[in-house]
Amino acid sequence: MDTSPREDSPDELAPPTTGPVDGVIGELTEPKHPGPATETPGTYRAGMGASRHLVVVGGGMVAHRLVEALRDRDDAGTWRVTLYAEEPRAPYDRVALTSYFSGRDASDLALGTPDLWDDPLVHLVRDTRVTEIDRAARTVTTVRNGGSGPTAVEPYDALVLATGSYAAVPPIEGSDLPGVFVYRTIDDVAALRGWVEEAAARWKRPVRGAVVGGGLLGLEAAGALQALGAQSTVIQFGPRLMPLQVDEGGGEALRRLINGKGVAVRLNTSTTRMRPGRDGKVRRMDFADGGRLDADVVVLATGVRPRDELARAAGLDVGERGGVVVDAGCRTADPHVYAAGEVACIDGAVHGIVAPGYAMAEVVVDRLLGGQAVFPGADTATKLKLSGVDVASFGDAFATTEGALELVHADPVAGIYTKLVLSDDAKTLLGGVLVGDASAYASLRPMLGRALDGDPGAYLLPEGAGSAGRPATTLPDDATVCSCNNVTAATVRGAVTEHGCTDLAAVKACTKAGTSCGSCLPLVKKLVTTELESAGITVSKALCEHFDLSRAQLFDVVRVTGLTTFSEILTKHGRDGLPQGARGCDICKPVVASILGSLDTGHVLEGETATLQDTNDHVMANLQKDGSYSVVPRIPGGEVTPEGLMVIGQVAKDYGLYTKITGGQRIDMFGARLEQLPEIWGRLVDAGFESGHAYGKSLRTVKSCVGSTWCRFGVQDSVALAVELELRYRGLRSPHKFKLGVSGCARECAEARGKDVGVIATDKGWNVYVGGNGGFTPRHAQLLAEDLDTQTLVRTIDRFLMYYIRTADRLQRTAPWVEEVEGGLEGVRAVVMDDSLGIAADLDAAMARHVDLYQDEWKATLEDPEKLRRFASFINAPTTPDPSLAYVAERGQVRPATPEERLASSDGSGPVLVAGTTLEVRR
Amino acid sequence: MTTTTTTPSSTTPSVPVVLGTSSDAVGWTTVCHVADLVPERGAAALVDGQQVALFRLADGTVRAVQQLDPFSGAHVMSRGIVGSRGDAPTVASPMYKQVFDLRTGRCLEAVGREPVDLRTWPVRVEGGLVMVAVPVTPSAPVAAVAVTVVDPADDEVTP
Ligand SMILES: Cc1cc2nc3c(=O)[nH]c(=O)nc-3n(C[C@H](O)[C@H](O)[C@H](O)COP(=O)(O)OP(=O)(O)OC[C@H]3O[C@@H](n4cnc5c(N)ncnc54)[C@H](O)[C@@H]3O)c2cc1C
Ligand code: SF4
Ligand code: FES
């Protein structure tokens, strides 16, 4: 028998280098539809009625968009598609690649819906490369990776090259050393992550990382290294960062911002070689100026080159700096061959961002279906996706247009540099650079080439500054709102007015706006809200037929008015014109109960409030499928004494309860009848247990690993903190249940990032993550703040929770709340860390009141005969068990009998049922 | 403390008392004192061998419907939340949240299922006593409808 007392023993873990890496890769690689992946390339499948065959080379983002668009538009099914993907997985979101480190859910990298690959007209062949094109015969030759498989030849009617780019490796000595990485694919980032984690474990000191290249990608990579706990230095050949996007002033502001994030920057530095250490792995970088830098890991982010080798070999034209030359219809000189995405050279340019590639994909599809679409020109607007560093650039950022005027606002103290480029009459917006505060980006970008309303200078002021603030822009219908997906304002508006979408999520699903880089989301949201309002569709946040208010509004009303009974709240703030006998319902009553609970923490069963509660809250237990309840005593932080365990065991034994360890590190006892609950709780309370609130929309548990007291890797005492937090927030009523987790080191054995609030120990203190959850839509929590001391940590969590409780919708968990609340995660951070709304003291006071007034609901109930009356099984036979309960034994415990078993037992053919669980009761 | 009592303030044995006034073959069983019932909260009762859910509404009326929740097969209706939809006083099943009119037993909201109504019983309140009508010839028990529904939104079982 395993005598280990811990379920989270790190010894049970796979070594950190492979664990997480396998996790992510596994998820994305795992053939969801094993058929196509394992078939020999070129095998014919069902659904071959289509007359024409399209072969797409490359399984990247553009290929995905192309297939999706084709299947969307080719209603007649004239084309069947075979997609050859060199990578071992279905197309994924390369733009979001870096989020792999910050631990966004791996499956979030998936593009579109997986059913696309189930379409009988779509055939995805993974892990297979196209090695040759025979344009005369109209065939491609393919070979499965590893080289062992046979080559196959596949005919096509049309061919699309969507092979993207490869990361350029500069000709520097040592760039092939182990420990030097590029940054392009999931495999690249997985290998990088593994390397850094291994180095961290080996060296027991911070890993020293360097990034060669100070462009968009380099900065993203530097942020990623930092997220992995490595130090990072960006080495930039030129005189400023992001030279393609920002001007000198912006570059300087950016450098300061990046430095402020703890990333070192070396400008004007040319790397001459990388040198190995004694172990043969990269150890040092030498620079042309004689300087050097120690590095355990190097990321090369010096640019990308189009993968045009197939086209070259097939005799197709390539551009001066590479890229398959295509016309405005994305066609090469060979009418059967198209190119789209980063591999294409269109209008003499190769575009290294996804939006033009998507536009090309749409053009190709249109052409394949007989249309005459032409490439609309590239939107090169970009926004850096590095948390805490706001940089955006769009349009003519360098004011190269004749007569262009530049309007600059620089605030070096605040670290802000913003610039608008305007036409010579200072009216039309031509471009801009925003560093330090890019909040105007989403609304400015669609105004490119249009006249700005009002004083252009106002756009450069920080958001909310001055009494007037930014002018409200009315976007013309044809303005592109989402450039990644080429969605116009009209389309977004139409989603509301014509397709009946009533919230952001629906609009996203309907139009694809905001589904790629996400930078347009604030604008899309604004448009949707305005449209809903003007269409008279009040975004119905109304709770139910009794209240027009949303939960958040109702919360404010109750908090401000100090009303304490449902009747009063309904009379004064219910919907107008409610019928005489209107009495609330199963939706608004528990909401009001929860609000009252959050506000004054009175007993959940006091007075009228008792009638508002769901049965679970009413009898303080969890209703199970047969009408019995489960009982969960609180086990703070999952820490329990042997004596405590024995009490639980004895109670379960005496009442014949089924016991199970929960995911929240405590013990659930099932099969307790209503009338048994007080007796059972009497024994538990006597033994020092208290309610675990497993029934409430409130704190469930604070899960923890064993931490530094026992674990040889631990850097902080995670159990002590978990116990402290659980005791602090126990009984706190909230819009939905919430959970916390605390891990004693970065190995994260407590899976804290799957919790609403996750705390992970660092050498210097605690990192706190918010907005995670498991369940139906799993989410990883996102970093809110780093290296906090315990006191600041507790204050941060206090405020986060109280802010959530005040402003979330009914049954809205923290993840969607963080997404929807004003300003998103940044907004939450501003409120919680910097008190941007001036409510922090109020939130702190509310939490202090909660902590002060907390009492154990079960103990209080047991002391009050009036409250105990509700536990009668029958009002005229208070201790008679529900005669319909029936159980069968399974694996040494009971479980409710199934309907079949009940039937079988009543006609004598089935198992003998245990009527209720009375038999075992010991007095 | 160790002793816990679950005795309601009054218990009246459920012996059917046939009252002569009734024209039909109906007897009235006295179940409890109206004061035993908490306004807007249900209570289960055993009436003539059947499980009945009693509800005392805000206006003092008492209603009786079957305790069996037809959607889950469990005897739990008395534990639902009392409220209203339009003019109708209602109870929502605590299991899968279907809503029923307490006056007629009609299922007003089936939550994506085929609506099934509840059986109701006439109730009289006389001299502070709650009486439920039972046929003098006992009726067949309401057949249990066994169903399994998975409600992903409500994962209350995982604390
Ligand atoms: C870290 C990172 C961040 C980025 N951030 C942004 C951003 O914020 N905004 C933005 O717009 N863009 C961004 N980009 C760029 C964006 O990802 C690309 O523009 C986009 O992926 C291009 O799509 P594509 O389909 O042309 O090429 P890819 O996505 O590169 O796909 C090409 C695929 O074809 C495969 N392939 C190549 N040759 C063959 C062959 N012979 N046979 C079979 N398969 C083959 C490759 O393995 C690859 O999987 C970022 C890129 C990276 C790496
Ligand atoms: S301290 Fe670290 S390794 Fe140890 S159990 Fe906790 S998270 Fe795991
Ligand atoms: S602009 Fe990138 S998702 Fe809309």
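With that settled, consider the overall build of chain A. Secondary structure assignment for chain A yields 27 helices and 40 strands. Across the 923 residues of chain A, 55% fall into the buried class. Counted over contacts in chain A with a minimum sequence separation of 6, partners at least 24 positions apart contribute 63%. A total of about 37800 Å² of accessible surface is found on chain A, and carbon and sulfur atoms cover 52% of it.

All names here are of chain A. Counting residues in each nonpolar core, the largest one holds 58 residues, and the members touching the most others are L725, Y729, V759 and I797. With nine residues, helix 21 (residues 790-807) is the largest single contributor of residues to this core. If you count residues domain by domain, this core takes at least three from each of domain 3 (551-613) and domain 4 (697-855). Apart from residues lying up to four places away in sequence, Y729 is in contact with L699, L740, V794, I797, D798, L801, M847 and H850.

Quick look at the confidence of the model for chain A now. Residues and elements named next belong to chain A. Model confidence for chain A is summarised by a mean pLDDT of 85, while 88% of its residues fall at 70 or above. Contacts from residues 1-48, a stretch scored under 50 in pLDDT, to residues over four places away or in other chains number 79 contacts. Scored below 50 in pLDDT, residues 464-470 makes nine contacts in the model with residues more than four places away or belonging to other chains.

Residue and element names in this part refer to chain B. Pairing is antiparallel across the open sheet formed by four strands, whose spatial order is 3-4-5-10. In this open sheet, the two edge strands, each paired with only one partner strand, are strand 3 (42-47) and strand 10 (120-121). The pairing of strand 3 with strand 4 (residues 50-56) spans six bridges and is classified as antiparallel. If you follow V47 over to strand 4, its bridge partner there is Q50.

To continue, consider the pattern of salt bridges. Residues and elements named next belong to chain A. For the structure shown, the criterion picks out 62 salt bridges over all chains. Between D286 and R284 there is a salt bridge whose closest N-O contact spans 3.3 Å. A salt bridge links R575 to D548; its shortest N-O distance comes to 2.6 Å. Of this pair, R575 sits in the loop between helix 14 (566-573) and helix 15 (588-600) while D548 is found in the loop between helix 12 (521-534) and helix 13 (551-561), placing the two residues 27 residues apart along the sequence. Under the relative-accessibility criterion, D548 is labelled partly exposed at 43%.

Here we take up the site of ligand 1. Residues and elements named next belong to chain A. Around ligand 1 sit 31 residues in total, of which E86, E87, R184, E342 and K385 are the nearest. Side-chain polar atom of R184 to an oxygen atom of ligand 1: 2.6 Å apart, as the coordinates give it. Between an oxygen atom of ligand 1 and a main-chain N or O atom of V354, the distance comes to 2.8 Å. Every element with two or more residues in the shell around ligand 1 is listed here: helix 3 (61-73), strand 4 (128-134) and helix 5 (216-227). Looking at which element gives the most residues to the shell around ligand 1, the answer is strand 4, with three residues. Here the residues of the shell around ligand 1 are counted per class, giving 13 nonpolar, nine polar and nine charged. Both domains that furnish three or more residues to the shell around ligand 1 are identified here as domain 1 (23-166 + 306-368) and domain 2 (180-302).

What follows concerns the environment of R895 of chain A. All names here are of chain A. Among the structural elements, R895 can be located in strand 39 (residues 893-896). The exposure class of R895 is partly exposed, given its relative accessible area of 22%. Separated by 238 residues in sequence, R895 and L657 place their C-alpha atoms 9.1 Å apart. Here E890 takes part through its side chain, which lies 2.9 Å from a polar atom of the side chain of R895.

On the side of chain B, 53 residues touch chain A, which itself brings 62 residues to the contact. Both sides of the chain A and chain B interface together cover about 4500 Å² of buried area, and 53% of this is carbon and sulfur. Of all residues in chain A, the largest losses of buried area upon contact with chain B belong to R869, I875 and N876 of chain A, amounting jointly to 17% of the total for that side. For the interface between chain A and chain B, the tally reads four salt bridges. With four residues, the top contributor of residues to the side of chain A that touches chain B is helix 19 (residues 677-686) of chain A. Considered class by class, the residues forming the side of chain A that touches chain B number 24 nonpolar, 20 polar and 18 charged.

Residue and element names in this part refer to chain A. Backbone geometry at N268 places phi at a positive 50°, although glycine is not the residue there. Along the chain, N268 falls in the loop between strand 12 (263-266) and strand 13 (271-276). The class for N268 is exposed, based on a relative accessible area of 54%. For C330, which is not glycine, the phi torsion reads 70° and is therefore positive.

Another aspect to go through is the site of ligand 2. Among the twelve residues in the neighbourhood of ligand 2, the closest are listed as C705, C711, G714, C745 and C749 of chain A. Residues belonging to the shell around ligand 2 are distributed by class as follows: six nonpolar, three polar and three charged.

Residue and element names in this part refer to chain A. Taking 1.5 Å per residue as the helical rise, helix 24 (residues 840-853) with its 14 residues ought to reach 20 Å, and the 20 Å between its terminal C-alpha atoms agrees with that figure. Residues of helix 24 that are buried include every one of A840, L843, A846, M847 and H850, and no others. Down the axis of helix 24, the smallest arc covering the buried residues is 125°, so these residues share one side. Of the residues in helix 24, the exposed ones pointing more than 90 degrees away from the buried face are A841 and D852. Looking at the buried residues of helix 24, the elements they touch are helix 20 (718-729) and helix 21.

Think of a sheet as strands paired side by side through backbone hydrogen bonds, with each pair either parallel or antiparallel. Residues and elements named next belong to chain A. Pairing within the open sheet is antiparallel, and its four strands lie in the order 29-30-32-31. In this open sheet, the two strands that pair with only one neighbour each are strand 29 (622-623) and strand 31 (658-661). Pairing geometry for strand 29 and strand 30 (residues 629-631), over two bridges, is antiparallel. Across the sheet, residue N622 finds its bridge partner in strand 30, namely S630. On the sheet, helix 19 packs against strand 30 and strand 32 (667-672) and is oriented at approximately 5° with respect to strand 30.

Below, the discussion takes up the confidence of the model for chain B. Residues and elements named next belong to chain B. Per-residue confidence for chain B averages 75 on the pLDDT scale, and 69% of its residues sit at or above 70. For chain B, strand 1 (residues 16-17) is the element with the lowest average pLDDT, namely 40, and strand 5 (residues 62-66) is the one with the highest, namely 95. Per-residue pLDDT stays below 50 along residues 1-24; that stretch engages in 43 contacts with residues further than four places along the chain or on separate chains. Of the regions scoring below 50 in pLDDT, residues 138-159 engages in 52 contacts with residues more than four places distant in sequence or in other chains. This complex was scored by the predictor with a pTM of 0.53 and an ipTM of 0.76.

The side chains of a regular strand alternate between both faces of the sheet. Residues and elements named next belong to chain B. Burial analysis of strand 4 places six of its seven residues in the buried class, which makes it a mostly covered element. The turn joining strand 3 and strand 4, which pair antiparallel and follow one another in sequence, is formed by two residues; a positive phi near 55° is taken by D48. Sheet analysis places strand 4 next to strand 5, joined by five bridges and oriented antiparallel. Bridging from a neighbouring strand, F55 pairs with R63 of strand 5.

On to the packing of helix 3 of chain A against helix 8 (residues 354-368) of chain A. Residues and elements named next belong to chain A. Here helix 3 crosses helix 8 at 35°, and the two axes come no closer than 9 Å. In this structure, helix 3 meets helix 8 at a crossing whose hand is right-handed. Side by side, helix 3 and helix 8 meet where M61, V62, R65, L66, A69, L70 and R73 of the first sit next to V354, G357, Y358, A361, E362, V364, V365 and D366 of the second. Along the lines of polarity and charge, the residues of the contact of helix 3 with helix 8 split into ten nonpolar, one polar and four charged.

All names here are of chain A. Looking at the element boundaries, V234 is found in strand 11 (residues 231-235). A relative accessible area of 0% places V234 in the buried class. C-alpha separation for the pair V234 and A221, spaced 13 residues apart in sequence, amounts to 9.2 Å. If sequence neighbours within four positions are ignored, V234 has contacts with V211, G213, G214, L219, A222, L241, V263, A264, V265 and R266.

In this section: the packing of aromatic side chains. With the rule as written, the count across this model stands at ten aromatic pairs over all chains. Ring centres 6.1 Å apart and planes at 40° place the aromatic pair F71 of chain B and F100 of chain B in the tilted group. In this pair, F71 of chain B sits in the loop between strand 5 and strand 6 (81-85) while F100 of chain B sits in strand 8 (residues 99-101), placing the two residues 29 residues apart along the sequence. Residue F71 of chain B is classed as buried on the basis of its relative accessible area of 1%. F100 of chain B sits in the buried class, given a relative accessible area of 0%. A network of ring pairs unites the aromatic residues F800, Y803, Y804 and W817 of chain A as a single cluster. In this arrangement the basic side chain of R65 of chain A is found over the ring face of Y358 of chain A, its NZ or CZ atom lying 4.0 Å from the centre. Positioned above the aromatic ring of F713 of chain A is the side chain of R747 of chain A, whose terminal nitrogen or guanidinium carbon lies 3.9 Å from the ring centre.

Rules used throughout
- Residues numbered from 1 in each chain as written.
- Chains lettered and ligands numbered in written order.
- Predicted model: local features only at pLDDT ≥ 70, side-chain atom pairs only at ≥ 80, totals over all residues.
- Heavy atoms only, no water.
- Helix = DSSP H or I, 4+ residues; strand = E, 2+ residues; numbered from the N terminus.
- Buried < 20%, exposed > 50% of the residue type's maximum accessible area, 1.4 Å probe, protein only.
- Contact = heavy atoms within 4.5 Å.
- Areas by Shrake-Rupley, 256 points an atom, 1.4 Å probe, with all protein chains shown as cover.
- Core = buried A, V, L, I, M, F, W, Y, C linked by side-chain atoms within 4.5 Å.
- Domains from an automatic or database assignment.
- pLDDT = per-residue confidence, 0-100.
- Pairing = 2+ DSSP bridges.
- Salt bridge = Lys/Arg side-chain N within 4 Å of Asp/Glu carboxyl O.
- Near = heavy atom within 4 Å.
- Polar contact = N/O pair within 3.5 Å; in protein donor to acceptor, adjacent residues only side chain to side chain.
- Nonpolar A, V, L, I, M, F, W, Y, C, P; charged D, E, K, R; others polar.
- Buried area = accessible area lost by both parts, 1.4 Å probe.
- Expected span 1.5 Å × (residues − 1).
- Arc of directions from axis to C-beta.
- Axes fitted to C-alpha atoms, helices over the stretch in contact; angles between N-to-C directions.
- Left-handed = near helix turned anticlockwise from the far one by under 90°.
- Phe/Tyr/Trp six-rings, centres within 6.5 Å; stacked < 30°, edge-to-face > 60°.
- Lys NZ or Arg CZ within 6 Å of the ring centre and 35° of its normal.

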